[in-house]
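Structure assessment
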Amino acid sequence: PFSVIIGTQDGQNTTEARIIEDLWLKAYRQEFNQCQCKLEFSVMNYTNAELSKILFLAYLNHQVSYGNFMSELCENVPGGDAEAVLNAMSKDPRVNTDYMHPGIGAGGPCLPRDTEVLSKFTKTLGVSDRETNNITASNDWQIHRVLYKICNILQSPKTDFKIAVLGLTYKPSYKWLGASQGM
């Protein structure tokens, strides 16, 4: 992680919050000792900490769905190349493209779950959940889109297919298959 959100009752940087920061820093240095990244901490009240977490993860999920939208659009424009477009977008410091690479959609235990939590929470407040619904619909569509492409290839006159399955887990170098879009 690049940032850690710490929730306290009053949102103040208490002794307990500083202890948690120290523990995170020790664990972070052990796990990522070669990384030159700076770990940022945000201390806030419990409500804002939880809002920050679910909004952040829903935003990452949005980036995944936007990347897949971009990929589908580029595939349908003659000469369109999603990787070239993504590379051009990444040159602008205002655009973070880390989660926008074309794929089968968001998976794993956090992004889809917290997007759903946010959707249900907004409904309880009477706030529109159109953003979260669009993200979820986009990720659901991506599975159908990939299966449709596979079916079209398998129905072609060619009969000597070689099929490789790549990326079953929801992120690279990860062994857990639960909640993977690829499964």
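Bear in mind the structure is a predicted one, so any value in this text is a computation, not a measurement.

Glancing now at the overall build of the protein. A count of helical and extended segments in the protein gives five helices and two strands. Reading the protein from its N terminus to its C terminus gives the helix and strand order β-α-β-α-α-α-α. By residue count, 26% of the 183 residues in the protein fall in the buried class. A separation threshold of at least 6 residues defines the contact pool for the protein, and within that pool the share at least 24 residues apart is 64%. Here the protein displays about 12900 Å² of accessible surface, and carbon together with sulfur accounts for 58% of that area.

Take the packing of helix α4 (residues 111-125) against helix α5 (residues 130-154) next. In the contact formed by α4 and α5, the axes pass within 9 Å of each other and the chain directions differ by 145 degrees. When you trace α4 past α5, the crossing you get is left-handed. Packed against α4, whose contacting residues are Thr115, Leu118 and Ser119, the element α5 presents Thr132, Asn133, Ile135 and Thr136 at the interface. By residue class, the composition of the contact of α4 with α5 is two nonpolar, five polar and no charged.

With respect to the element layout, Ser71 can be found in helix α2 (residues 46-75). A relative accessible area of 5% places Ser71 in the buried class. Contacts of Ser71, omitting those with residues within four sequence positions, involve Ala82, Pro102 and Arg145.

On the surface, Leu147, Ile150, Ile153, Leu154, Phe161, Ile163, Val165 and Leu168 cluster together into a nonpolar patch covering about 730 Å² of accessible area. Summarising the element assignment, Ile163 is placed in the segment after α5.

Moving on, we come to the pattern of salt bridges. For the structure on display, the rule yields eight salt bridges. Here Lys149 and Glu75 are joined by a salt bridge, their closest N and O atoms 2.9 Å apart. Here Lys149 is found in helix α5, whereas its partner Glu75 is found in helix α2, with 74 residues between them in sequence. Between Lys120 and Glu116 there is a salt bridge, with the nearest N and O atoms lying 3.9 Å from each other. Of this pair, Lys120 and Glu116 both sit in helix α4, four residues apart, roughly one helical turn. Classification of Glu116 by relative accessible area gives partly exposed; the value is 34%. Overlapping salt bridges bring together Glu72, Glu75, Arg145 and Lys149 as one network.

What follows is about the packing of aromatic side chains. A complete count under the given rule lists one aromatic pair for this structure. Taking 5.9 Å as the distance between ring centres and 50 degrees as the angle between the ring planes, the aromatic pair formed by Tyr66 and Phe69 counts as tilted. Taken as a pair, Tyr66 and Phe69 lie in helix α2 at a separation of three residues, close to a single helical turn. For Tyr66, a relative accessible area of 37% puts it in the partly exposed group.

Here the focus is the confidence of the model for the protein. With 88% of its residues at a pLDDT of 70 or more, the protein shows a mean pLDDT of 87. Within the protein, helix α1 (residues 15-31) has the poorest average pLDDT of any element, 86, and helix α3 (residues 82-90) the best, 95.

Rules behind the numbers
- Residues numbered from 1 in each chain as written.
- Predicted model: local features only at pLDDT ≥ 70, side-chain atom pairs only at ≥ 80, totals over all residues.
- Heavy atoms only, no water.
- Helix = DSSP H or I, 4+ residues; strand = E, 2+ residues; numbered from the N terminus.
- Buried < 20%, exposed > 50% of the residue type's maximum accessible area, 1.4 Å probe, protein only.
- Contact = heavy atoms within 4.5 Å.
- Areas by Shrake-Rupley, 256 points an atom, 1.4 Å probe, with all protein chains shown as cover.
- Axes fitted to C-alpha atoms, helices over the stretch in contact; angles between N-to-C directions.
- Left-handed = near helix turned anticlockwise from the far one by under 90°.
- Nonpolar A, V, L, I, M, F, W, Y, C, P; charged D, E, K, R; others polar.
- Patch = residues over 30% accessible without salt bridge, like charges linked within 9 Å, V, L, I, M, F, W, Y side chains within 5 Å.
- Salt bridge = Lys/Arg side-chain N within 4 Å of Asp/Glu carboxyl O.
- Phe/Tyr/Trp six-rings, centres within 6.5 Å; stacked < 30°, edge-to-face > 60°.
- pLDDT = per-residue confidence, 0-100.

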